[in-house]
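Breakdown of the fold
For reference, the chains in residue letters:
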Amino acid sequence: MGLIQRRVTNDTSAPPSLYGAAGVEPTVPAAKGWDNRVDVAIVGGGITGLWTAYNLATNGASVAVLESHEVGHGASGRAFGQLVPYLKHSHEKIIADLGEERGTRLSAAVAVAPAEVAAFIERYQIACAATRTGILIGARTKAGSAQLEATAAALRGAPAKMFYGSAAADLVGSDFYPAVLLDPRGFHLDPLAYARGLARAAAAHGALIHPVTRVDRIAPRGSEWDIICGTRQLTAEKVIIATNAYSGPLWPDLARSVVPFLVHGAVTEPLPEGVLADILPQGQPLTDTRRLYSGVRKFGGRLHVSIDGASFVPGRADAARMVQRRLRELYPRLPAPHVENSWSGWIALTTDQYPHIHRLAEGVWSAVGCNGRGLAAASLLGRDLAALARGAGDNATVFPVRPLRPLPLHDAAALVVATVVSTKRWLDRIDATTR
Ligand SMILES: Cc1cc2nc3c(=O)[nH]c(=O)nc-3n(C[C@H](O)[C@H](O)[C@H](O)COP(=O)(O)OP(=O)(O)OC[C@H]3O[C@@H](n4cnc5c(N)ncnc54)[C@H](O)[C@@H]3O)c2cc1C
């Protein structure tokens, strides 16, 4: 294992305590029984694994989800909480990369994914503080504004709208951005509670959820697979590996096919209602056109801010300084709030910035690499993985099934990413000081 993968494997941090707190979905209880044989074993209890389990269980398959910690322990339980109707690339780029038919299918599926997740949350009454007021993207520069206008124009019929000047300021509660895009299709929630609710729904349809169950080894047994978890073992016809950035040594080439990268978040102390009322008054989460994470939202009576930090050292971020810098530029009259909690989580980057589905061996599939945009897309990946496990051909999936390509010199690839991130951070700082 390389240095970066060791850092992921040795990361003992947990999701932030604010997520999954009182009043939302409780921790998912372990399944009462342990079946020695299931149709499909799913490694990883994040939203990709859980969506796969839900789709399989509702189609009558016997399923076990094996999660080394609690449900939502990975990126799923630490995310900024925003479900967006986009991938990293524009519709045009997706068509250019995947062709007209596949590209259109993928773009269309991604565009409706947040609405489908919202309907699912409603159907299963998942208590995850889902706030369906749309999402805001601000532009500080003329180039950023032009980029948002191009995005809005390309949405072709979607009800997204540009706001300028005082109308933009009214939405943000600040005149920091001369232009703002409001996309009503996106929304935000408590991601850990969402993961738990998804596990509850899958379990209600018969999926066995096994938290605190690390899969140590997967070994072929004839046409089936033995899944070894410490002293326990089960046999499955099919296996799904949904471990994303947390992949580790289980399937070494899979872990080497993505670059794990840390994203950091922080929340302030609870703030008085009167103070919060003027900030993002309609309740949308805000990001902007800068190159790196820039999220700000109201959550749990606090402000939640995405912050810069070390790309490969868990928890290393100067949270107080980062939060205050971001809030000072947006809300200069707000007295600097105390930062109550900060955390980090690993996302998986791919070289082409698309999520990747792989057939790892006969009867074994994986999906990795949401590049920090997985909260809505995982519902599609889970549907694809379930379809593959049920015997669908590669053409039936929304995301293409690709050959697995481990990155040569994995640690060096991480260094390249770190350099690119530093450059983007520097360019973002220049943009933030110009209009
Ligand atoms: C700070 C942060 C902010 C983010 N913000 C957003 C956002 O606002 N919007 C958005 O769309 N996306 C966001 N993302 C990305 C999003 O959270 C991920 O794309 C998504 O949650 C990935 O889900 P997953 O199930 O594929 O992986 P994960 O949630 O990482 O799940 C993988 C699971 O596999 C388990 N595992 C690993 N190895 C084993 C093993 N051997 N045996 C058993 N279990 C194992 C891990 O414990 C983990 O629970 C953010 C991510 C982070 C970290």
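What you see is a predicted model, and the numbers here were worked out from it, not measured in a lab. (Residues numbered from 1 in each chain as written. Predicted model: local features only at pLDDT ≥ 70, side-chain atom pairs only at ≥ 80, totals over all residues.)

1. Describing the environment of aspartate 170
Formally: Strands are runs of DSSP state E lasting at least 2 residues, helices are runs of H or I lasting at least 4, and numbering of each runs from the N terminus.
The topology assignment puts aspartate 170 in helix H6 (residues 165-172). In sequence terms aspartate 170 and aspartate 278 are 108 residues apart; their C-alpha atoms lie 8.9 Å from each other.

2. Here's the deal with the domain arrangement of the protein chain
To keep things clear, this is the line we draw: Those domain boundaries reflect an automatic or database domain assignment. A pair of residues counts as a contact when their C-beta atoms, built from backbone coordinates, are separated by no more than 7 Å. As a working rule, the residues Ala, Val, Leu, Ile, Met, Phe, Trp, Tyr, Cys and Pro are called nonpolar, Asp, Glu, Lys and Arg charged, and the rest polar, with Gly in that last group.
Domain assignment breaks the protein chain into domain 1 (3-80 + 192-258 + 351-409) and domain 2 (130-187 + 260-350 + 417-432). Here domain 1 and domain 2 have C-alpha centroids that lie 29 Å from each other. With 26 residues of domain 1 at the interface, the matching set in domain 2 holds 19 residues. In terms of residues, the side of domain 1 that touches domain 2 owes the most to one element, helix H1 (residues 3-10), which gives three residues. For the side of domain 1 that touches domain 2, the class distribution of residues is 12 nonpolar, 10 polar and four charged.

3. Considering helix H7 (residues 191-204)
This is how it is decided: The span you would expect from a helix comes to 1.5 Å times its residue count less one. Comment: burial labels come from other C-beta atoms within 10 Å of the residue's own C-beta, placed from the backbone, where a count of 20 or more is buried, 12 or fewer is exposed, and between is partly exposed.
With 14 residues, H7 extends 20 Å between its outermost C-alpha atoms, agreeing within 8% with the 20 Å of an ideal straight helix rising 1.5 Å per residue. With 13 of its 14 residues buried, H7 lies for the most part within the structure. Immediately beyond the C-terminal end of H7, within one or two residues, lies glycine 206, with a positive phi of roughly 105°.

4. Digging into unusual backbone geometry
Most peptide bonds are trans, and most residues other than glycine sit at a negative phi. Located in the positive-phi region is valine 212, a residue other than glycine, with phi close to 50°. Tracing the backbone shows valine 212 in the loop between strand S8 (208-210) and strand S9 (217-221). Residue classification places valine 212 among the partly exposed positions, given that 13 C-beta atoms sit within 10 Å. One non-glycine residue, leucine 280, lies in the positive phi region at around 40°. Assignment of secondary structure puts leucine 280 in the loop between helix H9 (273-276) and strand S13 (286-288). Judged by C-beta crowding, with 22 C-beta atoms within 10 Å, leucine 280 ranks as buried.

5. Structural notes on the site of the ligand
Defined as follows: By definition, a residue lies near a molecule or strand when the C-beta atom built from its backbone is within 6 Å of it.
Taken together, 41 residues lie near the ligand, and Gly44, Gly46, Gly74, Gly345 and Gly374 sit nearest. Of all the elements in the fold, those that place two or more residues in the shell around the ligand are helix H2 (47-57), strand S12 (259-268), strand S16 (339-349) and helix H11 (374-389). At four residues, H11 tops the list of elements feeding residues into the shell around the ligand. Of the residues that constitute the shell around the ligand, the class distribution is 18 nonpolar, 19 polar and four charged.

6. A short note on the pairing of strand S18 (residues 364-368)
Applicable threshold: Strand pairing follows a simple DSSP-based rule, namely that at least 2 bridges must link the two strands.
The buried count for S18 comes to five of five residues, which makes it a mostly enclosed element. Burial along S18 is two-sided: the face carrying Val364, Ser366 and Val368 and the face carrying Trp365 and Ala367 are both buried. In this structure, strand S11 (residues 232-241) lies alongside S18, joined through three bridges in parallel fashion. Looking at the pairing, isoleucine 241 lines up with serine 366 of S18. The sheet contact formed by strand S17 (residues 356-361) and S18 spans five bridges and is antiparallel. Paired with histidine 358 across the bridge in S18 is serine 366. Counting the residues between successive antiparallel strands, the hairpin from S17 to S18 contains two residues, one of them, glycine 363, with a positive phi of roughly 85°.

7. Focus on the environment of leucine 189
Mapped onto the elements of the fold, leucine 189 is located in the loop between strand S7 (187-188) and H7. By C-beta crowding, leucine 189 is classed as buried, having 26 other C-beta atoms within 10 Å. Considered as a pair, leucine 189 and threonine 131 are 58 residues apart in the sequence and their alpha carbons are 6.1 Å apart. Setting aside its immediate chain neighbours within four residues, leucine 189 contacts Gly81, Cys128, Ala129, Ala130, Thr131 and Tyr194.

8. Overview of the packing of helix H4 (residues 100-123) against H11
Rules: For every element, the axis is a line fit to its C-alpha atoms; helices are fit only across the contacting stretch, and the angle between N-to-C directions ranges from 0 to 180 degrees. Oblique is the label for any angle not covered by the other classes, which are roughly parallel (under 35 degrees), roughly antiparallel (over 145) and roughly perpendicular (65 to 115).
Where H4 contacts H11, the two axes come as close as 9 Å, and the packing angle between them is 100°. As the angle between them shows, H4 and H11 are arranged roughly perpendicular. Two secondary-structure elements touch here, H4 through Ala109, Val110, Ala113, Pro114, Glu116 and Val117 and H11 through Ala376, Ala377, Ser379 and Leu380. The class makeup of the residues in the contact of H4 with H11 is eight nonpolar, one polar and one charged.

9. Here's the deal with the nonpolar core
Note the following rule: Residues enter a nonpolar core if they are buried, belong to Ala, Val, Leu, Ile, Met, Phe, Trp, Tyr or Cys, and are joined to the set through C-beta atoms within 7 Å.
In terms of nonpolar packing, the biggest core is built from 124 residues, with Ala41, Ile42, Val63 and Ala202 touching the most fellow members. Broken down by element, this core gets its largest block of residues, 10 residues, from H11. There are two domains that each give this core at least three residues, and those are domain 1 (3-80 + 192-258 + 351-409) and domain 2 (130-187 + 260-350 + 417-432). Every residue in contact with isoleucine 42, bar those within four places of it in the chain, is listed here: Gly49, Thr52, Ala53, Val63, Ala64, Val65, Leu66, Ile240 and Ala242.

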